[in-house]
Structure formats: structure tokens, C-alpha cells
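# An overview of the molecular structure
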Amino acid sequence: MTTTAEPARRTAAAIQSRRNTSEAMLERVRGALKQIRRERARARATVAAVARRADVSRTSLYQNTEARALIAQAAADAGGHRKLDQAEQAAHVEASWRERALNAEATLKYAHCEIALQRTAIGELLGKIRDLENDLPEDGVQRLVTDSTSLKQQVRQLTQQTHRLQERLTAARDNSRFLDNRIAGLEAQLADQITLDASEF
């Protein structure tokens, strides 16, 4: 009777010990996965990373079905988060470029208005010069010529600024079109991945 009970007791104790060891390992795996989720931008839920953080061997993780399932679920969740983060970042960059393009366009319109005003002012001054040229002394004519030259320089500067703004606007529009294509590609990838994940379930 005693001889039969002793091996059974030892077997039960060994089984319980393995269960306790397995549960302790799973608890460390869960803790490691929590750390990885908190460090989502810097860490990935791979078997090697979990084994290193949980202080267990890779073989133990591969042999334990529940541990493999936990790691696979964490990796799938992280993949979904990364896709959403990429889409959000692309949308933010696109909004930024669109805002820059709108600002450049508004500045360009202002520059055109300013050039038109300066040209009108130059025309008026030239008309006054012709009207007053005979009545003005030599130095007065020289002052008007200097003012006219200064206004012409301002017009040239504004024209150069207009060209620069036009180039910036063109570049911003090109970037916006590129980002539109990039976002469309990311959305297509995300939709394909969601469809693929749904089909696996």
C-alpha cells in the first residue's frame, strides 16, 4: 500500500512543480509584454525580446502554447498600432504641407497686389515729374529721379520675391501631391492588412 502511494505522490508533486514553473514563466512573459507595449515606438514583441526580458529560454517559449499565443497577439496588436501611427503621421505631414501651400499662395497674392500698387505709384510720380519738371530747380529733379529709381528697385525686389514665392508654392504643391499618393498607398496597405487579418480569423 505504502509502496504504491509513494510513486503517485512523487508524480503528483512533479506535475504540480512543472505547473508552478510554467505559471511563473507565463507571469514573467506577461510582464515583459507589458513593458514592450509601453515602449511601443522602440521595442517589438519578438520571441527573442520577450525571452531576454522575461529571463527564459526561447525553447521554453516555443514549447509553451500559451506563451506563443501571448507573443503572437502582442505582435499583431503592435503591427496594427504601427500602421495606424504611420497613417496618422502621413495625414499630419500632408496637412502641414497644405497649410504651407495656402500660406505661400496668400503671400503671392499679396505680392502681386503690392507690385500693382507700386507700379501705379511710379506712374503717378512720373506724371508729376513731367508736369513739374520745368518749374523745379535742378536738385528737385534729381530728388524725383532718385525716388523713382528707389521705387523701381523696390519693384524689382518685389518681383524677385514673387518668383521665389511662386517656386515655393510649386514645390509645396508637388509635395502635397506626393503625400496624397503616399497616404493612398498606406491606406491601401492598411486595408489589405485588415482584410488579411480578418480572413485569418
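Quick caveat, the model's predicted, so the values are computed rather than measured. In this numbering scheme, every chain counts its residues from 1 along its sequence in written order. Local features in this predicted model are restricted to residues whose pLDDT is 70 or higher, and side-chain atom pairs enter the listing and the counts only when it is 80 or higher, whereas totals over whole chains, interfaces and linings include all residues. The side-chain quantities take in all heavy atoms of the structure and omit both hydrogens and water.

### Description of the overall build of the chain
Counting from the N terminus, the helices are DSSP H or I runs at least four residues long and the strands are E runs at least two residues long. The secondary structure content of the chain amounts to five helices and zero strands. When the elements of the chain are put in sequence order from the N terminus, they spell out α-α-α-α-α. Any two residues whose heavy atoms approach within 4.5 Å at even a single point are treated as in contact. For the chain, contacts bridging at least 24 residues in sequence account for 68% of all contacts bridging at least 6. What sets the accessible areas is the Shrake-Rupley method with a 1.4 Å probe; for residues, cover comes only from the shown protein chains. For the chain, the accessible area works out to roughly 14700 Å², and carbon and sulfur atoms hold 53% of it.

### As for the pattern of salt bridges
Salt bridge, as applied in this entry: a Lys or Arg side-chain nitrogen positioned within 4 Å of an Asp or Glu carboxyl oxygen. Taken as a whole and judged by the stated rule, the model has five salt bridges. The residue Arg 30 makes a salt bridge to Glu 23 at a minimum N-O spacing of 3.6 Å. With its nearest N and O atoms 3.4 Å apart, the salt bridge here joins Glu 105 to Arg 173. On the criterion of sequence distance, the pair formed by Glu 105 in helix α4 (residues 65-132) and Arg 173 in helix α5 (residues 138-200) is long-range, its members being 68 residues apart.

### Quick word on the side chain of Thr 162
Within the secondary structure, Thr 162 sits in helix α5. Overall, the relative accessible area of 8% leaves Thr 162 in the buried class. From its side chain, Thr 162 meets the backbone oxygen of Leu 158 in a polar contact 2.8 Å long. Ignoring anything within four residues of it in the chain, the contact list for Thr 162 reads Leu 108, Ala 111, His 112 and Ile 115. Classification of residues uses two cut-offs on accessible area relative to the type maximum, computed with a 1.4 Å probe and protein chains only: under 20% is buried, over 50% is exposed, and between them is partly exposed. The term polar contact refers here to a pair of N or O atoms within 3.5 Å; inside protein, the definition further demands a hydrogen-donor-capable atom paired with an acceptor-capable atom, and it admits residues adjacent in sequence only when both atoms are side-chain atoms.

### Digging into helix α2 (residues 47-54)
Taken as a whole, α2 has its buried residues at Val 47, Ala 49, Val 50, Ala 51 and Ala 54. A positive backbone phi angle near 60° is found at Asp 55, which sits one or two residues after α2.

### A closer look at the nonpolar core
Grouped together as the largest cluster of nonpolar side chains are 16 residues, with contacts concentrated most on Met 25, Val 29, Val 50 and Leu 61. Breaking this core down by element, the ones donating at least two residues are α1 (2-38), α2 and α4. Ranked by residue count, the leading element in this core is α1, at six residues. Apart from the residues lying within four places of it in its own chain, the contact partners of Val 50 are Val 29, Ala 32, Leu 33, Ile 36, Leu 61 and Ile 71. Nonpolar core, defined: a set of buried Ala, Val, Leu, Ile, Met, Phe, Trp, Tyr and Cys residues in which side-chain atoms within 4.5 Å join the residues together. Leu 108, Leu 165, Leu 169 and Ala 172 belong to the second-largest nonpolar core, a separate cluster that totals six residues.

### Quick word on the environment of Met 25
Structurally, Met 25 can be placed in helix α1. In this structure the C-alpha to C-alpha distance between Met 25 and Leu 61, which are 36 residues apart in sequence, comes to 8.8 Å. Beyond its immediate chain neighbours, meaning those up to four positions away, Met 25 contacts Val 56, Ser 60, Asn 64 and Ala 67.

### Concerning the environment of Ala 116
Tracing the backbone shows Ala 116 in helix α4. Between the alpha carbons of Ala 116 and Val 155 there is a distance of 9.2 Å; along the sequence they are 39 residues apart.

### Section: the environment of Leu 165
Within the fold, Leu 165 resides in helix α5. A sequence separation of 60 residues divides Leu 165 from Glu 105, and the C-alpha atoms of the two residues are 7.8 Å apart. Not counting residues up to four positions away in its chain, the partners in contact with Leu 165 are Thr 107 and Leu 108.

### Let's talk about the side chain of Gln 118
By secondary structure assignment, the location of Gln 118 is in helix α4. Residue Gln 118 is classed as buried on the basis of its relative accessible area of 13%.

### A word on the confidence of the model for the chain
On a scale of 0 to 100, pLDDT captures the predictor's confidence in every residue. For the chain, per-residue confidence averages 77 on the pLDDT scale, and 77% of positions sit at 70 or higher. Mean pLDDT per element in the chain: α1 is the minimum at 74, and α5 is the maximum at 83.

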